[in-house]
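Below are the chains, spelled out letter by letter.
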Amino acid sequence: MTAGKILTEAAGRLAKAGVDEPAPNAQWLLAGAMGVERLRLLAEPDLPVPPEALARFEAFLRLKEEGQPLAYILGWQDFRDIRLKVDGRVLVPRPETEELAGFAADFLRGRGGEVSALDYGAGSGAIGLWLAHEFPALKLTSLEVSPEALACARENAAELGLSSRCSFVEASTLDAVEGPFDIIVSNPPYIPTEVIPGLAPEVLSEPHVALDGGEDGLDVARMLARLAPSRLKAGGALLMELGGGQAAALLEAMSGEVWTGKRTFSDLNGIYRFLFAVKR
Ligand SMILES: C[S@@+](CC[C@H](N)C(=O)[O-])C[C@H]1O[C@@H](n2cnc3c(N)ncnc32)[C@H](O)[C@@H]1O
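What comes next is a walk through the structure. Just so it is clear, the structure is predicted and the values come from calculations on it, not from any experiment. (Residues numbered from 1 in each chain as written. Predicted model: local features only at pLDDT ≥ 70, side-chain atom pairs only at ≥ 80, totals over all residues. Heavy atoms only, no water.)

## Some points on the overall build of the protein
Thought 1: Each helix and strand in the protein was counted, giving 11 helices and 9 strands.
Thought 2: The C-alpha atoms of the protein give 20 Å as radius of gyration, which agrees with the globular expectation for 280 residues (19 Å, within 12%).
Thought 3: Projected onto the principal axes, the alpha-carbon positions of the protein cover approximately 65 × 40 × 30 Å.
Thought 4: Here the protein, with 280 residues, has 49% of them falling under the buried criterion.
Thought 5: Taking all contacts inside the protein whose residues are at least 6 apart in sequence as the whole, residues at least 24 apart take part in 65%.
Thought 6: With an accessible surface of roughly 12,800 Å², the protein has 53% of that area assigned to carbon and sulfur atoms.
Thought 7: Positive and negative side-chain charges in the protein, numbering 27 and 39 respectively, have mean positions lying 4 Å apart. (Helix = DSSP H or I, 4+ residues; strand = E, 2+ residues; numbered from the N terminus. Rg over C-alpha atoms; globule rule 2.2 N^0.38 Å. Buried < 20%, exposed > 50% of the residue type's maximum accessible area, 1.4 Å probe, protein only. Contact = heavy atoms within 4.5 Å. Areas by Shrake-Rupley, 256 points an atom, 1.4 Å probe, with all protein chains shown as cover. Lys, Arg positive; Asp, Glu negative; His and termini not counted. Charge placed at Lys NZ, Arg CZ, Asp CG, Glu CD.)

## Observations concerning the site of the ligand
Thought 1: Close contacts around the ligand come from 19 residues, with Tyr 120, Gly 121, Glu 144, Asn 187 and Ala 210 the closest.
Thought 2: In the environment of the ligand, a nitrogen atom lies 2.8 Å from a nitrogen or oxygen atom belonging to the backbone of Gly 121.
Thought 3: At 2.9 Å from an oxygen atom of the ligand is found a side-chain nitrogen or oxygen belonging to Asn 187.
Thought 4: Across the shell around the ligand, the residue classes break down as 13 nonpolar, 5 polar and 1 charged. (Near = heavy atom within 4 Å. Polar contact = N/O pair within 3.5 Å; in protein donor to acceptor, adjacent residues only side chain to side chain. Nonpolar A, V, L, I, M, F, W, Y, C, P; charged D, E, K, R; others polar.)

## Remarks on the packing of aromatic side chains
Thought 1: One pass over the structure, following the stated rule, counts 5 aromatic pairs.
Thought 2: Where Trp 28 meets Trp 76, the ring centres are 5.9 Å apart and the plane angle is 75°; that geometry is what we call edge-to-face. Of this pair, Trp 28 sits in helix α2 (residues 22-34) while Trp 76 sits in strand β1 (residues 76-79), and the two are 48 residues apart along the sequence.
Thought 3: Note on Trp 76: relative accessible area 22%, which makes it partly exposed.
Thought 4: The interplanar angle of 65° and the centroid separation of 5.4 Å between the aromatic rings of Phe 103 and Phe 274 together place this pair among those described as edge-to-face. Here Phe 274 lies in strand β9 (residues 274-279) and Phe 103 lies in helix α6 (residues 95-111), a separation of 171 residues in the sequence.
Thought 5: For Phe 103, a relative accessible area of 23% translates into the label partly exposed.
Thought 6: Members of the aromatic cluster, connected to one another through ring pairs, are Phe 103, Phe 107, Phe 265, Phe 274 and Phe 276.
Thought 7: It is Arg 83 that lies over the ring of Trp 76; its NZ or CZ is 3.5 Å from the centre. (Phe/Tyr/Trp six-rings, centres within 6.5 Å; stacked < 30°, edge-to-face > 60°. Lys NZ or Arg CZ within 6 Å of the ring centre and 35° of its normal.)

## Quick word on unusual backbone geometry
Thought 1: Looking along the chain, the bond that leaves Gly 179 and enters Pro 180 is cis, with omega of -5°.
Thought 2: The phi torsion at Glu 21 lies on the positive side, around 45°, for a residue other than glycine.
Thought 3: Looking at the secondary structure, you find Glu 21 in the loop between α1 (3-16) and α2.
Thought 4: Even without being a glycine, Arg 80 presents a positive backbone phi close to 50°.
Thought 5: Following the sequence through the fold, Arg 80 ends up in the loop between β1 and β2 (82-85).
Thought 6: Overall, Arg 80 belongs to the partly exposed group, its relative accessible area being 39%.

## Focus: the packing of α1 against α2
Thought 1: Viewed as axis vectors pointing N to C, α1 and α2 meet at an angle of 130°, and their least axial separation amounts to 8 Å. Viewed along their axes, α1 and α2 adopt a mutual orientation that is oblique. Handedness of the crossing formed by α1 with α2: right-handed. Across the interface between the two elements, Ala 3, Ile 6, Leu 7, Ala 10, Ala 11, Leu 14 and Ala 15 from α1 touch Pro 22, Ala 23, Asn 25, Ala 26, Gln 27 and Leu 30 from α2.
Thought 2: Counted by class, the contact of α1 with α2 contains 11 nonpolar, 2 polar and no charged residues. (Axes fitted to C-alpha atoms, helices over the stretch in contact; angles between N-to-C directions. Parallel < 35°, antiparallel > 145°, perpendicular 65-115°, else oblique. Left-handed = near helix turned anticlockwise from the far one by under 90°.)

## A few points about the sheet that holds strand β8 (residues 259-265)
Thought 1: With respect to topology, 7 strands assemble into an open sheet ordered β5-β4-β3-β6-β7-β9-β8, the strand pairing being mixed. Since the sheet does not close on itself, it has two edges, and those belong to β5 (166-170) and β8, each with one partner. Averaged over all pairs of adjacent strands, the angle between their axes in this sheet comes to 15°, without regard to strand direction.
Thought 2: Bridge count between strand β6 (residues 181-186) and strand β7 (residues 232-241): 5 bridges; the pairing is parallel. By the bridge assignment for β7, Phe 181 is matched with Leu 232.
Thought 3: Contacts between helix α7 (residues 126-134) and the sheet are confined to β3 (116-120), β4 (139-144), β5 and β6, with β4 contributing the most and set at about 175° to the helix. (Pairing = 2+ DSSP bridges.)

## Some points on the nonpolar core
As a rule of thumb, soluble globular proteins bury nonpolar side chains together.
Thought 1: Ranked by internal contacts, the top residues of the largest apolar core, which has 41 residues, are Phe 79, Leu 108, Leu 129, Leu 131, Leu 138, Ile 183 and Val 185.
Thought 2: Excluding its chain neighbours within four sequence positions, the residues that come into contact with Ile 183 are Ala 104, Phe 107, Leu 108, Ser 116, Ala 117, Leu 118, Leu 232, Ala 237 and Leu 239.
Thought 3: By size, the runner-up hydrophobic cluster in this structure holds 27 residues, among which are Leu 118, Val 177, Leu 242 and Ala 247. (Core = buried A, V, L, I, M, F, W, Y, C linked by side-chain atoms within 4.5 Å.)

Listed below in structure tokens is the structure:
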């Protein structure tokens, strides 16, 4: 069997199972099963697929048909220019969170020198570890309520050679750390509880604690906005990813006596989901 033939059949199966973007999903899975670059499969449709790789691919395909996220099946997700191990312990980092990390970097570049960052709700460690990778003098604290997720963040830090500049805190509130930090950056759970049951099966296979933000989705975000001033340096920033409409609503409630430079940023889809404010 050749790669091209297998991919055509597999894309048909995934489409039938209701998987979005069936062809790219099939390509990533076959590349993962064969241990080759995805582009090679496209460039060489006549590439023979060895029987062991075909068996692995069949197992991958079944998981995808059952609604598993692609990143869980492959075991990794790229985040900007780092590769993270991901599995059922953590949320799969999303493209908009790569944008959030980029905004955090823009802010830190303006601070210069030895900077410190808190990644609140670290999950796989994506945001904070990428910042630590980008800024060689950055000291990172990754805080996470889920011990399983925190273990994954630790493993990623070790894999990326960043452990010596990272500390890991298992906690459910900002009270657990002292700071003061140059930036507190967070992609907290922000989906309102009542919306959760209607989410796609793929999203529902991710940890519930990574999704559920309470009645209006803002439980964790509100706590961060309230406590962050006591954990930030003067001129330090709070930067969060939220849902559309949530960022503006929360920003409105943040006092101008405490915060300056309050604004929202949009993601590449035009959704104003990023909240930014600087401590006076
Ligand atoms: C939306 S996920 C973000 C994960 C990762 N930062 C990312 O962007 O891919 C939210 C994370 O916050 C954690 N979390 C939820 N409630 C928390 C709380 N009260 N305190 C600390 N972490 C919390 C979840 O376990 C989850 O890992």
